[in-house]
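A look at the structure
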Amino acid sequence: MLNRIIVILLVIAAAVGYSVYQKKTLEGQLEHKQGAILAKLPQATFETLDGRPFDVQKVFEDRTSLLVVHYWGTWCGPCEAELPDLLSFLKRFEGQPEVKFLLVAVNDDKVKVEKHLKTIAIPKASITWLLDNKNVHRDVFGTTRVPETYVFSSDMTTLRKYVGPQEWNKTMFFQTFDEFIQISTRKL
């Protein structure tokens, strides 16, 4: 009986020890990357839905004043629930070519993404649909879960990061994005 108790305690201690080790390893990875992620738009090349490479930094070659990078996935329930609300919010930016949106499908199948996009209303805002099947988002941006949204100004400085699904049609977001555009336009 004593041997069983000792074995059980050893198993519990090993499990707790391994959990602590994994947590410290993950925290170390995030701390290492967080400063660079939150400071500036990182260098990254994604793939468009038609298979072409897309360099994120080149978005700013045509006088973009505000860039929004949104990570999502068709396999992610909260992402699917949030996407129609986000697209409705993006309608507000139709006719404003200086505001660009990159919607990045993470670890997703191109066919599933295209099929999903056919089922929703897509606004005429400046949206580029991208794929990230090589975990560039995790390695370069530091995204650990989806949905996540980053907002960058004209000088590629990070203005904000939103973690998790948002209620995009709240007045707060309209006001905040108006302020982002004003801040970013002053930096041109």
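This is a predicted model, so every value here is computed, not measured.

Rules used throughout
- Residues numbered from 1 in each chain as written.
- Predicted model: local features only at pLDDT ≥ 70, side-chain atom pairs only at ≥ 80, totals over all residues.
- Heavy atoms only, no water.
- Helix = DSSP H or I, 4+ residues; strand = E, 2+ residues; numbered from the N terminus.
- Buried < 20%, exposed > 50% of the residue type's maximum accessible area, 1.4 Å probe, protein only.
- pLDDT = per-residue confidence, 0-100.
- Contact = heavy atoms within 4.5 Å.
- Disulfide = S-S within 2.5 Å.
- Pairing = 2+ DSSP bridges.
- Axes fitted to C-alpha atoms, helices over the stretch in contact; angles between N-to-C directions.
- Phe/Tyr/Trp six-rings, centres within 6.5 Å; stacked < 30°, edge-to-face > 60°.

Along the chain, Lys 134 turns up in the loop between strand 5 (126–132) and helix 4 (136–141). For Lys 134, a relative accessible area of 71% puts it in the exposed group. Between the C-alpha atoms of Lys 134 and Asn 107, which are 27 residues apart in sequence, the distance is 7.3 Å.

Taken residue by residue, the protein gives an average pLDDT of 84. The fraction at 70 or more is 90%. Of all helices and strands in the protein, the one with the weakest mean pLDDT is helix 1 (residues 2–39) (69), whereas strand 3 (residues 66–72) scores best (94). Every residue in residues 28–36 is under pLDDT 50, and counting partners more than four places away or in other chains gives five contacts.

What follows deals with unusual backbone geometry. Backbone torsion omega between Val 146 and Pro 147 reads 0°, so that peptide bond is classified as cis. Counting through the fold element by element, Pro 147 comes out in the loop between helix 4 and strand 6 (148–153). Its identity as a non-glycine residue notwithstanding, Asn 107 has a phi of 45°, on the positive side. The residue Asn 107 is located in the loop between strand 4 (99–106) and helix 3 (110–117) in this model.

A separate point is the state of the cysteines. Evaluation of the coordinates by the stated rule reveals one disulfide. Paired by a disulfide, Cys 76 and Cys 79 hold their sulfur atoms 2.5 Å apart. Given an S-S torsion of about 75°, the disulfide between Cys 76 and Cys 79 has right-handed geometry. We note that Cys 76, like Cys 79, is buried.

On to the sheet that holds strand 1 (residues 45–48). Spatially, 2-1-5-4-3-6-7 is the arrangement adopted by the seven strands of the open sheet, whose pairing is mixed. Strands with a single pairing partner mark the edges of an open sheet, and in this sheet they are strand 2 (53–55) and strand 7 (158–163). Strand-to-strand, the axes of this sheet are offset by a mean angle of 30°, without reference to chain direction. With respect to the sheet, helix 2 (residues 77–90) is in contact with strand 3, strand 4 and strand 5, its orientation differing from that of strand 4 by roughly 165°.

Think of a pair of aromatic rings as described by two things: how far the centres are apart, and how the planes are tilted against each other in angle. Counting across every chain of the model gives 19 aromatic pairs. Ring plane angle 80° and centroid distance 6.0 Å describe the contact between Trp 72 and Trp 129, whose orientation is recorded as edge-to-face. Residue Trp 72 is found in strand 3, and its partner Trp 129 is found in strand 5; the two are separated by 57 residues along the sequence. For the pair formed by Trp 72 and Trp 129, the shared burial category is buried. On the basis of an interplanar angle of 10° and a centroid distance of 6.2 Å, the ring pair of Tyr 150 and Phe 152 is categorised as stacked. Aromatic ring contacts, followed pair by pair, group Phe 89, Phe 93, Phe 101, Tyr 162, Trp 168, Phe 173, Phe 174, Phe 177 and Phe 180 into a single cluster.

Turning next to the pairing of strand 3. Summarising burial for strand 3: seven of the seven residues are buried, a large majority. With burial as the criterion, each face of strand 3 is covered, one bearing Leu 66, Val 68, His 70 and Trp 72 and the other bearing Leu 67, Val 69 and Tyr 71. In this structure, strand 3 lies alongside strand 4, joined through seven bridges in parallel fashion. Across the sheet, Tyr 71 pairs through a bridge with Val 104, a residue of strand 4. Bridge count for strand 3 against strand 6 is six bridges, and the pairing is antiparallel. In the strand pairing of strand 6, Val 68 is matched with Val 151.

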